[in-house]
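# Report on the structure
If you want the building blocks of each chain, they are given just below.
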Amino acid sequence: MKILLLATAYNSLTQRTHLELAYRGDQVSIELGLNEEVMIEAVDLYQPDLIIAPMLKQVIPETIWRRQVCIIIHPGIKGDRGSSALDWAMVNNVESWGVTALQANEEMDAGDIWASVNFPMEPVSKSCLYRSQLTQAAIQAILQTVERFESGTFTPEPLDYNKPDVQGCLRPYMKQRFRAIDWSYDSTSTIVQKIRSADSQPGLLDRIYGKRYYLYGAHPEDTLKGTPGEIIAQRHGAICRATVDGAVWISHLKQKTPNRLSLKLPAALVLANELETVPESDVPLEVSPHRQTYKEIGYEEKNQVGYLHFDFYNGAMSTDQCRRLRDAFIYARSRKTKVIVLMGGQDFWSNGIHLNLIEAAEDPADESWRNINAMNDLIHTILTTDTHLVIAALQGNAAAGGVMLALAADQVYARRGIVLNPHYKRMGLYGSEYWTYSLPKRVGSQKAQELTDICLPMGTQVAAEIGLIDQAFADQPTSFRQQIQFVAEEIAHHPDYGKQLAFKHEQRQRDERFKPLDAYRSEELAQMRRNFYEPDQYYHQQRYNFVYKITASETPRHLAIHRQVPHSEITCSLIFCQ
Ligand code: COA
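Worth saying up front: this structure is predicted, and the values here are computed from it rather than measured.

Below, the discussion takes up the nonpolar core. If you look at the biggest cluster of nonpolar residues, it comprises 66 residues, and the most contacted ones within it are Leu342, Trp349, Leu394, Leu439 and Leu468. Tallying contributions element by element places helix α10 (residues 364–383) first for this core, with 8 residues. Excluding anything up to four places from it in sequence, Leu342 contacts Leu308, Phe310, Phe329, Trp349, Ile382, Val390, Ile391, Ala392 and Ala393. Judged by nonpolar contacts, the second largest core, of 41 residues, contains Leu5, Tyr10, Val28 and Ile52.

Another point: the packing of aromatic side chains. Under the counting rule described, the total for this entry stands at 15 aromatic pairs. When the centroid spacing of 5.5 Å and the interplanar angle of 40° are considered together, the rings of Trp114 and Phe154 count as tilted. Here Trp114, found in strand β6 (residues 113–120), pairs with Phe154, found in the loop between α5 (126–151) and α6 (188–196); they are 40 residues apart in sequence, far enough to count as distant. With relative accessibility at 6%, the residue Trp114 sits in the buried group. Looking at Phe154, the relative accessible area reads 30%, which means it is partly exposed.

Looking at where Lys194 falls in the secondary structure, it is placed in helix α6. Overall, Lys194 belongs to the buried group, its relative accessible area being 13%. Non-local contacts of Lys194, meaning those with residues more than four positions away in its chain, are made with Arg179, Ala180, Ile181, Asp186 and Leu204.

Here the focus is the environment of Glu62. Mapped onto the elements, Glu62 comes out in helix α3 (residues 62–65). The partly exposed category is assigned to Glu62, whose relative accessible area is 44%. Between the alpha carbons of Glu62 and Thr243 there is a distance of 49 Å; along the sequence they are 181 residues apart.

So, on to the packing of helix α12 (residues 435–443) against helix α17 (residues 517–533). Where α12 contacts α17, the two axes come as close as 8 Å, and the packing angle between them is 110°. Between α12 and α17, the angle falls in the class roughly perpendicular. The residues of α17 that touch α12, namely those facing Trp435, Thr436 and Tyr437, are Leu517, Tyr520 and Glu524. Split into classes, the residues belonging to the contact of α12 with α17 amount to 4 nonpolar, 1 polar and 1 charged.

Here the focus is the confidence of the model for the chain. In this model, the chain carries an average pLDDT of 95, and 98% of its residues clear a pLDDT of 70 or more. Low pLDDT, under 50, characterises residues 567–578; the stretch is placed with 28 contacts to residues that sit more than four places away or in other chains.

Moving on, we get to the domain arrangement of the chain. Partitioning the chain into domains gives domain 1 (2–158 + 165–172 + 557–577), domain 2 (179–274) and domain 3 (297–477 + 497–531). Between the C-alpha centres of domain 1 and domain 3 there is a distance of 32 Å. Listed as interface residues are 22 residues of domain 1 and, on the opposing side, 27 residues of domain 3. For the domain 1 and domain 3 pair, buried surface summed over both sides reaches about 2,000 Å², with 58% attributable to carbon and sulfur atoms. On inspection of domain 1 and its partner domain 3, the count reaches 1 salt bridge. Residue Arg131 pairs with Asp347 through a salt bridge whose shortest N-O separation is 2.8 Å. Counting every contact that joins domain 1 to domain 3 gives 5 residue pairs in polar contact (both at pLDDT 80 or more).

What follows concerns helix α1 (residues 12–24). With 13 residues, α1 extends 18 Å from end C-alpha to end C-alpha; this agrees with the ideal 18 Å at 1.5 Å per step. Within α1, 11 of the 13 residues are buried, leaving the element largely enclosed by the surrounding structure. All buried positions along α1 are accounted for by Ser12, Leu13, Thr14, Gln15, Arg16, Thr17, His18, Leu19, Glu20, Leu21 and Ala22. Backbone geometry just after α1 places Gly25 at a positive phi near 105°.

Okay, the site of the ligand next. Taken together, 25 residues lie around the ligand, and Ser12, Lys264, Asn314, Ile353 and Leu355 are the ones closest in. At a separation of 3.0 Å, a nitrogen atom of the ligand approaches a polar backbone atom of Asn351. Here the shell around the ligand is composed, by residue class, of 10 nonpolar, 11 polar and 4 charged.

The 6 strands are arranged β2-β1-β3-β4-β5-β6 in an open sheet whose pairing can be described as mixed. At either margin of the open sheet sits one strand with a lone partner, and together these are β2 (27–32) and β6. In this sheet, neighbouring strand axes are inclined to one another by 20° on average, regardless of whether the strands run parallel or antiparallel. Note that strand β1 (residues 2–7) and strand β3 (residues 50–55) share 4 bridges and pair parallel. Across the sheet, Ile3 pairs through a bridge with Leu50, a residue of β3. Against the sheet, helix α2 (residues 36–46) contacts β1, β2 and β3, and its axis sits at roughly 170° relative to β1. Each of β1, β3, β4 (70–74), β5 (96–103) and β6 touches α5; the most contacted strand, β6, lies at about 155° to it.

Calculation notes
- Counting starts from 1 at the beginning of each chain's written sequence and moves along it residue by residue.
- Whole-chain, interface and lining totals are the exception, using all residues; otherwise, since this is a predicted model, local features are given only for residues with pLDDT of at least 70 and side-chain atom pairs are given and counted only at 80 or more.
- In computing side-chain values, all of the structure's heavy atoms are included and hydrogens and water are not.
- Think of a nonpolar core as a cluster: buried Ala, Val, Leu, Ile, Met, Phe, Trp, Tyr and Cys residues, connected wherever their side-chain atoms sit within 4.5 Å.
- The rule is simple: take the accessible area with a 1.4 Å probe, protein chains only, and divide by the maximum for that residue type; under 20% is buried, over 50% is exposed, in between is partly exposed.
- In this text, helices come from DSSP runs of H or I with a minimum length of four residues, and strands from runs of E with a minimum of two, each type numbered from the N-terminal end.
- By the convention used here, residues are in contact when the closest approach between their heavy atoms is within 4.5 Å.
- Ring pairs are drawn from Phe, Tyr and Trp, using the six-membered ring of Trp, whenever the two centres fall within 6.5 Å, and their geometry is named by plane angle: stacked under 30 degrees, edge-to-face over 60, tilted for the rest.
- Fitting a line to C-alpha atoms yields each axis, with helices limited to the stretch in contact; the angle taken between N-to-C directions then spans 0 to 180 degrees.
- Working definition: roughly parallel below 35 degrees, roughly antiparallel above 145 degrees, roughly perpendicular at 65 to 115 degrees, and oblique for all remaining angles.
- Amino acids are sorted into nonpolar (Ala, Val, Leu, Ile, Met, Phe, Trp, Tyr, Cys and Pro), charged (Asp, Glu, Lys and Arg) and polar (every other residue, Gly among them).
- As a per-residue quantity, pLDDT reports the predictor's confidence and falls between 0 and 100.
- Residue ranges assigned to each domain were obtained from an automatic or database domain assignment.
- Throughout, buried area stands for the accessible area (probe radius 1.4 Å) lost by two parts on being put together, summed over both.
- By salt bridge we mean one thing: a side-chain nitrogen of Lys or Arg within 4 Å of a carboxyl oxygen of Asp or Glu.
- We call two N or O atoms a polar contact when they sit within 3.5 Å, provided that within protein one can donate a hydrogen and the other can accept it, with sequence-adjacent residues counted only if both atoms are side-chain atoms.
- In this scheme, a helix's expected span is set at 1.5 Å multiplied by one less than its residue total.
- Proximity criterion: a residue is near a molecule or strand once any of its heavy atoms comes within 4 Å of it.
- One bridge is not enough; two strands pair if DSSP finds at least two bridges between them.

In structure tokens form, the structure reads like this:
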């Protein structure tokens, strides 16, 4: 079928929808619905069989939905309506929630229902929920809808609030006052829940030292205490504020400014001048899993397997975070285990160097240079590990240098359905992270060139087929973690473990003789130095647009195939490639 996706942004759900439909064999084109005329033009040019809006904030013009079936993916259960669906579900602490595929009509979110899929809620941020459970449910609903539409026999169900399974209702836009924190009254769990319901957008508006900030990245703290609202500790860029029954860590802040151009940054950096007397509070790498506190990096061991967790906000890895992770990896390597599993975080595995911190640095070029070198040092340490077999376990999406970080491991496993973006060009970068060594080694030189040139996302089915990853399994983060444990223990206790380790060592030595890792690094860094320091490069502009969310004025041609003349075959070949 010819399917047109109308979306506000090419975000992870739109990317995943694109990948799933393309994998099914549909011909997919995308218009990032900028305004009515653009959407109407896209439909006229493409003449789709079906229109799907996986994430559209604009309204689909009547002239389109009157003549064409348009499916809106609403992040709510049957009957739920309004633009703050997930926010309300989180603030109301519901146990399960859903996604509904509705046919667009004159009333917002009240169209006939083509499919609806429910999922259990988890105590994570709104965007984390969106990228994991909600995305899985949305894809199920989209695929059901497409099959039902294709069958030509399915009649969608009109919205009827008398039906017992229609439990939702119309809810207003969630204004800041609905979730404002009362520090003298709200408990830790209420505060965490309120912040998470607004994370990553729009953020929860609050006052600190008389100024207004959006708060992000909330974690409960069970030991530190103080006067409610007071900042009582700081750790790795996060601040800890006391509550009536404990305390809460807040990892990021964005100042509310009249011109709205403000960066989301680690909280302690934003408040630097105010925190001189606030003590640093450390946390051990192997803190008990029952402790509630803030930790970006954690380590645990079981049955000769070491698990290294690194849950960096938005998957962005600063110079300091790369260095701390390298130290933690070296610690893991010093243990008498056989396998190290790099777990990343549930939300993201890694998205490479930290573009916001680079943007905020006094000299962004110098900070880019420091950051990429710290990343390379980490990856070099993983690549040259000869005491352990290393597994990368991708629970969440990965992009750019974050994908290449995973490829430094001996085995790469991913949760089924995550989205990988193994390319740098859209950020104006050549890329480093030893990708010129690791990527061709996995997929061959030609495919490595294609992947880095074409700049398209990749699903886990295709990634496994071309050898970018070894295998994808489990749809949900919890089941993925259980299965990874099983896989890691099997490798650790396999009778051939010793042979595999010896083979790894020999192969590394062979590769080193053929071309030393240092040569790959210096060639890549020569290109990166140009990207960072030479005036004709567009990395600084691309990064600025990215961190301040300045969107392109038109849909990139490689996505809007209806605007390509002639239709480019190469664009589609990668997504479809099998
Ligand atoms: N540095 C800082 N922030 C980053 C980041 C990075 N490398 N990668 C992603 N983010 C942030 C985004 O700004 C966004 O912030 P928000 O919470 O304020 O909205 C958040 O992570 C989620 O990203 P978003 O783009 O909304 O999510 P997505 O799932 O739709 O897309 C990516 C994910 C990875 C495709 C996209 O974020 C991206 O292209 N990131 C840049 C990757 C990169 O070029 N890294 C540097 C080279 S190594």
